[in-house]
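Survey of secondary and tertiary structure
Each chain is listed here by its residues.
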Amino acid sequence: MRLALLMVFIAATLVGCGAKDDITQLPEAVTFTPITETTDFAIDTELVLEPHPEEAAKGQATLQFRFESLMEEDLTDLRVAVFYPEQMAHRMLIPEKDAPVFPISGRRFDVTPSQPAWRITHTFAPFDWDQVETVRDAVLNPIRLRIVWEGDERFLEVPPSEIRVRTQGG
């Protein structure tokens, strides 16, 4: 009987580990902390809108995050899932229910007290440049982040007031 219970516990643990690998799946009843209230990370966010370098009459939107760990510990195998608000996902042509994970392609990424800062950049599908103001106005709700590293995670949100929007050229 004990062996059977132990085997059930091990199987449940292994299933739980596999589910944790998909950081785009949020736990139920998760609470996101605004970046203005967190003491673990400093995050700067900027949306850059500019004419597309190769497609006439098109624009290119790039979201740039600069993260800095304020913790005095190593963060091993760090990953970030970005959850865009619905109207922003619609305007930026992000597939519905798609939360990109960085670093891309499963690379390992570590953060240490001596190297606490890192950046991620997400460039979106081209949009019609005459719609640049509509794209600019899509930043109406917080962008949510799930930051995961070996042994811990944080759920943070970047309020629209903390997202700089810069339009270049055009």
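Residues numbered from 1 in each chain as written. Predicted model: local features only at pLDDT ≥ 70, side-chain atom pairs only at ≥ 80, totals over all residues. Heavy atoms only, no water.

**Things to note about the overall build of the protein**
The cut-off we apply is this: Secondary structure follows DSSP: runs of H or I at least 4 residues long count as helices, runs of E at least 2 residues long count as strands, and numbering of each begins at the N terminus. Per-residue accessibility, obtained with a 1.4 Å probe over protein chains only, is compared with the maximum for each type, and a residue is labelled buried under 20%, exposed over 50%, and partly exposed between these values. Here, two residues are considered to be in contact whenever any of their heavy atoms come within 4.5 Å of each other. Methods summary: accessible areas were calculated by the Shrake-Rupley approach with a probe of 1.4 Å, and residue burial reflects only the protein chains presented.
Along its length, the protein carries 3 helices and 10 strands. Shown N-terminal to C-terminal, the secondary structure of the protein runs as helices and strands in the order α-β-β-β-β-α-β-β-β-α-β-β-β. Each of the 170 residues in the protein was classed as buried or not, and the buried ones make up 37%. Across the protein, the fraction of contacts at a sequence separation of at least 24, relative to all contacts at a separation of at least 6, is 74%. Total accessible area on the protein stands at roughly 10,200 Å², and carbon and sulfur atoms take up 51% of it.

**Comments concerning the environment of Ala61**
By the secondary structure assignment, Ala61 is in strand E3 (residues 58–69). For Ala61, a relative accessible area of 0% puts it in the buried group. Between the C-alpha atoms of Ala61 and Val135, which are 74 residues apart in sequence, the distance is 8.5 Å. With sequence-adjacent residues up to four places away left out, Ala61 is seen in contact with Leu47, Val48, Leu49, Met92, His122, Thr123, Phe124 and Phe127.

**Things to note about the side chain of Glu157**
By the element assignment, Glu157 lies in strand E9 (residues 152–158). For Glu157, a relative accessible area of 13% gives the class buried. Residues contacting Glu157, with those up to four places away along its chain left out, are Phe32, Thr33, Pro34, Ile35, Pro142, Ile143 and Arg144.

**Remarks on the packing of aromatic side chains**
This is how it is decided: To pair, rings of Phe, Tyr and Trp, with the six-membered ring standing in for Trp, must have centres within 6.5 Å; the planes then decide the type, stacked if under 30 degrees apart, edge-to-face if over 60, and tilted in the middle.
Per the counting criterion, the structure on display carries 8 aromatic pairs. An aromatic cluster is defined as three or more aromatic residues linked by ring pairs; in this entry it consists of Phe41, Phe65, Phe67, Phe109, Trp118 and Trp149.

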